[in-house]
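Coordinates in review
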Amino acid sequence: MKKILHLTFASILFIAVAIQAQVTITATGINPVVGENFTLIKGAYINPGSAGANQTWNLTSLGTSGGVTNVVSPGSTIIGSNFPNANVAWSNSTTNVSNFFKATSTALENHGKFENNWIMPYSNAEDIMHYPFTHLDSFADTWNNQYQNGSYTYYQRGTTKVKADGYGTLIIGSGTYNNVMRIRFQQSFVDSTYQIGLPLVTTNTRDEYKWYMNGIHVPIATTYSLFNNLGGPASGSTYLGGFVGINEFQNTISNISIYPNPSSNQFFVHLTNPSLNNEAVSY
């Protein structure tokens, strides 16, 4: 289908400015939504690239699917009562991992997780995001939790620094995404326990980058490295392989071209929608 649009050069300028405009992450844009599900592809560590405005990050790599994660209410899980202040959870039956969050209009909080049959609720939740959040915004938050493994009690406490350090275009195995914000998470935390009457303390630093886009309620990609005093580093990456609930308009405007350029009084706008198997529409 083709239509001709007679737009002024002021309109062209408006479109260009809109595409390159500052990105602001919102609660409705990225908070987890019960009923959705997604698949993450796991891979080796990928260099996160540069910070700043109007970046292009190419994180295309091969990986292995980590199974489907369902976004559910905490009460629907068998250990949800251990996280009384959480109101949404990720549940993955393949990896047997569940993550619990409290999502509000002003923040997204980490309330703990269930992994390897360990139940790890936070007594002081970790703030993951504040809303609205735009380029160069930042905050720091302290958190702690306590959990049991066999006869041993483990304690964990730390600080997370969060900063929106860039925005632009992200290229991954499942497609190309515009109007994406990159957020850097820098964690410093201590794990401690007593075994045979002796203290065992591990100090950790984790550097992680996550890419978000309004309308997709999960990070589109992550890459991280973890160091501690026992060795390391441990590192890895994930990218979004499939998602239910993507904002279709965001996908559409991420693939737009105008031609011919320059043009005297008539031109075409070409849209490619990846959610429709890259079906092209020109106007």
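Residues numbered from 1 in each chain as written. Predicted model: local features only at pLDDT ≥ 70, side-chain atom pairs only at ≥ 80, totals over all residues. Heavy atoms only, no water.

1. Section: the nonpolar core
Let me state the cut-off plainly: As used here, the term nonpolar core means buried Ala, Val, Leu, Ile, Met, Phe, Trp, Tyr and Cys residues forming a set that is joined through side-chain atoms within 4.5 Å. Only protein chains enter the area calculation, which uses a 1.4 Å probe; residues under 20% of their type maximum are buried, those over 50% are exposed, and those in between are partly exposed.
In terms of nonpolar packing, the biggest core is built from 42 residues, with Met129, Leu170, Ile183 and Ile220 touching the most fellow members. Grouped together as the second largest cluster of nonpolar side chains are 7 residues, Val72, Phe83, Phe100 and Phe114 included.

2. Quick word on unusual backbone geometry
The criterion, for reference: The way it works is that DSSP assigns letters per residue, a run of H or I at least four long becomes a helix, a run of E at least two long becomes a strand, and they are numbered from the N terminus.
Geometrically, the link from Tyr131 to Pro132 is a cis peptide bond, its omega value of -10° lying close to zero. A positive phi angle, close to 65°, is found at Asn117, a residue other than glycine. For Asn117, the location among the structural elements is in the loop between strand E7 (107-115) and strand E8 (118-130). Among the residues examined, Asn117 registers a relative accessible area of 59% and is labelled exposed. Residue Asn179 is not a glycine yet carries a positive backbone phi of 55°.

3. Observations regarding the pattern of salt bridges
The criterion, for reference: Put simply, a salt bridge is a Lys or Arg side-chain nitrogen that is within 4 Å of an Asp or Glu carboxyl oxygen.
For the structure on display, the rule yields 4 salt bridges. Among the ionic pairs, Arg184 bridges to Asp207, the shortest N-O distance being 2.8 Å. With Arg184 in strand E12 (residues 175-195) and Asp207 in strand E13 (residues 198-213), the pair connects residues that are 23 residues apart, well separated along the chain. Residue class for Arg184 comes out partly exposed when judged on its relative accessible area of 26%. Salt-bridge contacts for Arg206 lead to Glu208; the nearest nitrogen and oxygen are separated by 3.4 Å. Take Glu208: its relative accessible area is 11%, and that puts it in the buried class.

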